[in-house]
Amino acid sequence: MVRVSGAPQDVARRLREGMARGVLSFPLTAFHDDGSLDPDGCRAHVADRLAAGPGALFPACGTGEFFSLDENEYRQVVTIAVEEAAGRVPVVAGTGYGWAQAARFAGIAEEAGADALLVLPHYLVAAPQDGLVAQLAQLAARTRLPLIAYQRDQVAYTVDSLRQIANIPNVIGLKDGHSDLDRLQRLTLAAPEGFLFFNGAATAEVQARAYTAVGVPAYSSAVHAFAPEIAAAFRTALRGGDDDTADRLLRGFYVPFVELRDRTPGYAVSLVKAAARLRGARVGPVRAPLTDPGAADLAALKDLLATGLGLVGAAL
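Engineer: How would you explain the pattern of salt bridges if you had to name every residue and give the values?
Structural biologist: Counted according to the given criterion, the structure contains 19 salt bridges. The closest approach of N and O atoms between Glu-65 and Lys-273, which form a salt bridge, is 2.7 Å. With Glu-65 in the loop between β2 (56–57) and α3 (71–85) and Lys-273 in helix α11 (residues 267–278), this residue pair connects regions lying 208 residues apart in the sequence. With a relative accessible area of 0%, Glu-65 lands in the buried category. Among the residues examined, Lys-273 registers a relative accessible area of 0% and is labelled buried.

Shown next, in the form of structure tokens:
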């Protein structure tokens, strides 16, 4: 176990530095063909992501199929990420469900050496604002790890709730998946100095310019899980104001990828995993209830991936 930082302010500082250096990488969880966990495949995939220079590593989150992992598998996935990162970048593990179960996963992540937790939306039910705040407060009281709240689906914080969660000592940031930029701008303006914000839209690059305009330049990149060359080229263009390159990548790769992704529920994970397999990664299939792409969609994905890589001078 490698633990480089522990205090919330230290983790927030390292994340801020990482966000300025590279995209936030959400590695896949590798499974064997029979659906069992493949630890060696996980380790190889994480090592490859780290070699591509991310700003931080987020194992066992949405892209990593947190929702399908049991506690022992979760422990292995987070431990592998911590060991491979070896303190080079922050490791932020996913946790979720109700606060009681989230606290169990938080304890495992803490033992494994994770630096922080991304708190995924709670399971199934809608809840009022005071309940959303209480959910985070209950979890925060049961872990020493800093927390990043994730608002999407049934979780959406008001300005007043944002102020309340920001006052919880170990809540250090918010990841947004709603893409309601009016609401997000109000949240960023209401947040205390140093509070972190992340663009967590699906295929976040498509909305990266808009998020940057409201003060949220950092984003998670699912594309980094299978084509770090494309992810790096887009981020370089975006940060450097190279609109021609950014537009070329959006038109030629990102927007068509989103259109393919939107054909089938769950493709936000399934397509990413399929693309990684097309590039030789040992990540295996997705677990039910997700499904792997059929032959026609897989062929379309292969053509699109070849086009995207060609745009940045890389090959399939």
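Moving on from the model shown.
Engineer: Just give me the short version of unusual backbone geometry, but keep the residues and values in it.
Structural biologist: Most peptide bonds are trans, and most residues other than glycine sit at a negative phi. Of note, the bond from Ala-288 into Pro-289 is cis; its omega dihedral lies within 30 degrees of zero at 20°. Assignment of secondary structure puts Pro-289 in the loop between α11 and α12 (295–311). Positive phi outside glycine occurs at Thr-203, with the angle close to 50°. Tracing the backbone shows Thr-203 in the loop between β7 (196–199) and α8 (208–213). We classify Thr-203 as buried; its relative accessible area is 9%.

Engineer: Explain helix α4 (residues 99–112) to me, and be specific about the residues and the numbers.
Structural biologist: Between the first and last C-alpha of α4 there are 19 Å, a value that for 14 residues agrees with the 20 Å anticipated at 1.5 Å per step. Every buried residue belonging to α4 is among Ala-102, Ala-103, Phe-105, Ala-106, Ile-108, Ala-109, Glu-110 and Ala-112, and all of these are buried. Of the surrounding secondary structure, the elements contacted by the buried residues of α4 are α3, β3 (92–95), β4 (116–119) and α5 (129–140). Phi for Gly-113, located one or two positions after α4, is positive at around 100°.

Calculation notes
Residues numbered from 1 in each chain as written. Predicted model: local features only at pLDDT ≥ 70, side-chain atom pairs only at ≥ 80, totals over all residues. Heavy atoms only, no water. Salt bridge = Lys/Arg side-chain N within 4 Å of Asp/Glu carboxyl O. Helix = DSSP H or I, 4+ residues; strand = E, 2+ residues; numbered from the N terminus. Buried < 20%, exposed > 50% of the residue type's maximum accessible area, 1.4 Å probe, protein only. Expected span 1.5 Å × (residues − 1). Contact = heavy atoms within 4.5 Å.

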